[in-house]
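Here's the letter readout for the chains.
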Amino acid sequence: MTTQLFKAKDVRSAISKVTEEFGDEAIILSTKKNNGFVEIEASNNNEVLTSFPRKNEESKVFSKIFYKKLDENNLTLPQKRDEVKKTESTQEKIKRPINNFENDDLKFIKKEILNIKKQISGMILTNESNICDELSSSTPIKLRQALFSPDLISKFSHTYKGKNLEEGKISFFRELSKKLSCNDFERVTKSKNIFVFGSSGSGKSTLVAKLASYLSDARKTTNINLIDVCNTSTNHQETLRGYSRVLGFKMKDFNTFNFKQDYNNNEINIFDFSGDLSFSLQKINKISNMHKDFDFCSILALQSGSNSAMINDIWSKVSDIKPMIAITKLDECWAGAEELSSIALNNARIGIFTGTKVIIDSILPANEHSLTKYMKENFQSV
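Residues numbered from 1 in each chain as written. Predicted model: local features only at pLDDT ≥ 70, side-chain atom pairs only at ≥ 80, totals over all residues. Heavy atoms only, no water.

Undergrad: I'm lost on the overall build of the chain in this one. Help?
TA: Assigned secondary structure in the chain consists of 18 helices and 11 strands. With 382 residues in all, the chain has 38% of them scored as buried. Once local pairs closer than 6 in sequence are excluded, the contacts in the chain between residues at least 24 apart make up 69%. When the accessible surface of the chain is summed, it comes to about 23500 Å², and 49% of that surface belongs to carbon and sulfur atoms. (Helix = DSSP H or I, 4+ residues; strand = E, 2+ residues; numbered from the N terminus. Buried < 20%, exposed > 50% of the residue type's maximum accessible area, 1.4 Å probe, protein only. Contact = heavy atoms within 4.5 Å. Areas by Shrake-Rupley, 256 points an atom, 1.4 Å probe, with all protein chains shown as cover.)

Next comes the structure, spelled out in structure tokens:
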């Protein structure tokens with residue numbers, strides 16, 4: 001018998017027929033699909049088998065090419081064990097350039113292989129049109145489509161593994177909320193001195209007014225001072241003065257603030273640092289160095305909608321202070337997945353959610369519950 005065509009519904013069934021007919025010595029000549037069936041052409045003829053060498057013999061081709069390339073580069077291959085003993089017995093010193101290859105080039109090859117393995121482990125299989133149906137409903141794919149950081153998704157993979165999409169994403173949101181939420185919001189309500197700073201246009205003065213209103217209700221007091229720490233901006237002074245008139249709180253100038261006397265009274269001092277971030281950091285560091293016993297709570301105003309590059313840059317400058325983050329202007333723009341991911345990856349903490357238009361009753365403490373609720377409401381498409 002020379003060759004024979006076998007038909008079956010699938011490859012496994014067709015190969016079973018080949019094995020049953022020809023045994024282990026058979027070789028498959030071709031495989032194709034025809035009208036919904038798998039067709040395998042196989043043979044057990046000696047002449048045919050000779051023209052199709054076994055795979056285990058062909059597997060040596062790569063090693064031959066590899067060693068050939070080494071020879072072309074004038075690299076000496078490792079000696080066999082008996083040859084090494086023979087040369088050692090004659091006490092001849094043999095220089096083997098392959099050692100340099102092992103120490104340098106092989107390390108490079110190993111590194112490249114590890115990179116390839118890492119890339120393969122992070123691959124997403126797709127078909128010609130889109131992500132395949134089986135993958136499109138998985139939690140990590142949906143989270144990546146929502147622009148959550150791949151590093152963060154991988155880090156929290158234990159939260160959604162073995163769960164359906166709905167349960168998996170809620171579990172992920174809850175774990176991310178634990179990572180993001182500030183556990184010591186009481187630091188704001190109990191502190192007598194609060195520093196509010198941030199980039200220009202982040203809503204610092206409005207946040208100062210909101211905090212003054214919030215603390216007045218929480219502590220049942222009107223002994224609150226709005227401290228203007230400005231550079232040269234007169235517009236900033238007028239904005240803060242307008243808030244002090246509307247809310248009925250005193251406004252003081254930073255240059256006349258007595259850090260010893262004013263610190264020991266029962267008043268609450270909220271410092272509004274105007275200008276850019278570098279000016280604010282310079283002033284805060286100066287206060288910390290000159291008045292080491294002066295205790296304060298620092299709050300970084302971060303405008304919602306900030307991109308990851310901006311967040312990374314800001315946090316690299318303020319991480320030593322370890323401020324609580326206040327996400328501002330939420331009624332103008334929402335805090336997206338990219339923004340929350342960057343905050344989490346920088347090990348920063350969110351303590352406050354707030355908007356812009358309303359002053360009274362507009363401070364929302366950020367905790368695990370409120371952050372999880374925010375994500376569930378704003379990432380419904382996940």
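Undergrad: So what exactly am I meant to see when it comes to a positive patch on the surface here?
TA: Taken together, the side chains of Lys 163, Arg 174, Lys 178 and Lys 376 define a basic patch exposed on the protein surface. Examined against the element boundaries, Lys 163 turns out to sit in the loop between helix H9 (150-155) and helix H10 (165-180). (Patch = residues over 30% accessible without salt bridge, like charges linked within 9 Å, V, L, I, M, F, W, Y side chains within 5 Å. Salt bridge = Lys/Arg side-chain N within 4 Å of Asp/Glu carboxyl O. Lys, Arg positive; Asp, Glu negative; His and termini not counted. Charge placed at Lys NZ, Arg CZ, Asp CG, Glu CD.)

Undergrad: Looking at this structure, how should I read H10?
TA: Helical geometry note: an α-helix holds 3.6 residues per turn, so side chains three or four residues apart project in the same direction. Between its first and last C-alpha atoms H10 spans 22 Å; for 16 residues at 1.5 Å apiece the expected length is 22 Å, and the two agree. By the burial criterion, the buried members of H10 are Gly 168, Lys 169, Ile 170, Ser 171, Phe 172, Phe 173, Leu 176, Ser 177, Lys 179 and Leu 180. Taken together, the buried residues of H10 touch helix H8 (139-145), H9, helix H17 (337-345), strand S10 (350-353) and helix H18 (368-378). The N-cap of H10, judged by a side-chain oxygen 3.3 Å from the amide nitrogen of Glu 166 a few residues on, is Asn 164. (Expected span 1.5 Å × (residues − 1). Polar contact = N/O pair within 3.5 Å; in protein donor to acceptor, adjacent residues only side chain to side chain.)

Undergrad: Looking at this model, I keep getting lost on the packing of H10 against H17. Mind explaining?
TA: For any two helices packed against each other, one specifies the crossing angle of their axes together with the interaxial distance. Following both chains from N to C, one finds H10 and H17 inclined at 50°, their axes separated by 9 Å at the closest point. One way to sum up the angle between H10 and H17 is to call them oblique. The element H10 and its partner H17 pack so that their crossing is left-handed. Across the interface between the two elements, Leu 176, Lys 179 and Leu 180 of H10 pack against Leu 340, Ile 343 and Ala 344 of H17. In terms of residue class, the contact of H10 with H17 is made up of five nonpolar, no polar and one charged. (Axes fitted to C-alpha atoms, helices over the stretch in contact; angles between N-to-C directions. Parallel < 35°, antiparallel > 145°, perpendicular 65-115°, else oblique. Left-handed = near helix turned anticlockwise from the far one by under 90°. Nonpolar A, V, L, I, M, F, W, Y, C, P; charged D, E, K, R; others polar.)

Undergrad: I would appreciate a short explanation of the sheet that holds strand S2 (residues 27-34) in the present structure.
TA: Remark on secondary structure: sheet strands pair via backbone hydrogen bonds, oriented parallel or antiparallel. Here three strands make up an open sheet; going across it, the order is S1-S3-S2 and the pairing antiparallel. The outermost strands of the open sheet, each flanked by one partner alone, are strand S1 (3-8) and S2. Each strand of the sheet is rotated relative to its neighbour by a mean of 20°, with strand direction disregarded. With six bridges connecting them, S1 and strand S3 (residues 37-43) associate as antiparallel partners. Looking across to S3, one finds that Ala 8 is bridged to Val 38. Set on the sheet, helix H1 (residues 11-22) makes contact with S1, S2 and S3; between it and S1 the angle comes to about 145°. (Pairing = 2+ DSSP bridges.)

Undergrad: Sorry, what's going on with a nonpolar patch on the surface here?
TA: Taken together, the side chains of Val 11, Ile 15 and Ile 28 make up a nonpolar region of the molecular surface, amounting to roughly 220 Å² of accessible area. With respect to the helices and strands, the residue Ile 28 is situated in strand S2. The partly exposed category is assigned to Ile 28, whose relative accessible area is 39%.

Undergrad: So what exactly am I meant to see when it comes to the pairing of strand S5 (residues 224-229) here?
TA: With six of six residues buried, S5 lies mostly within the body of the structure. By the alternation rule, side chains of S5 split into Ile 224, Leu 226 and Asp 228 and Asn 225, Ile 227 and Val 229, which are all buried. When S5 meets strand S7 (residues 268-273), the two strands line up parallel, connected through six bridges. Looking across to S7, one finds that Asn 225 is bridged to Asn 269. Across four bridges, S5 lies against strand S6 (residues 250-253) in parallel orientation. Counterpart to Leu 226 in the pairing with S6 is Met 251.

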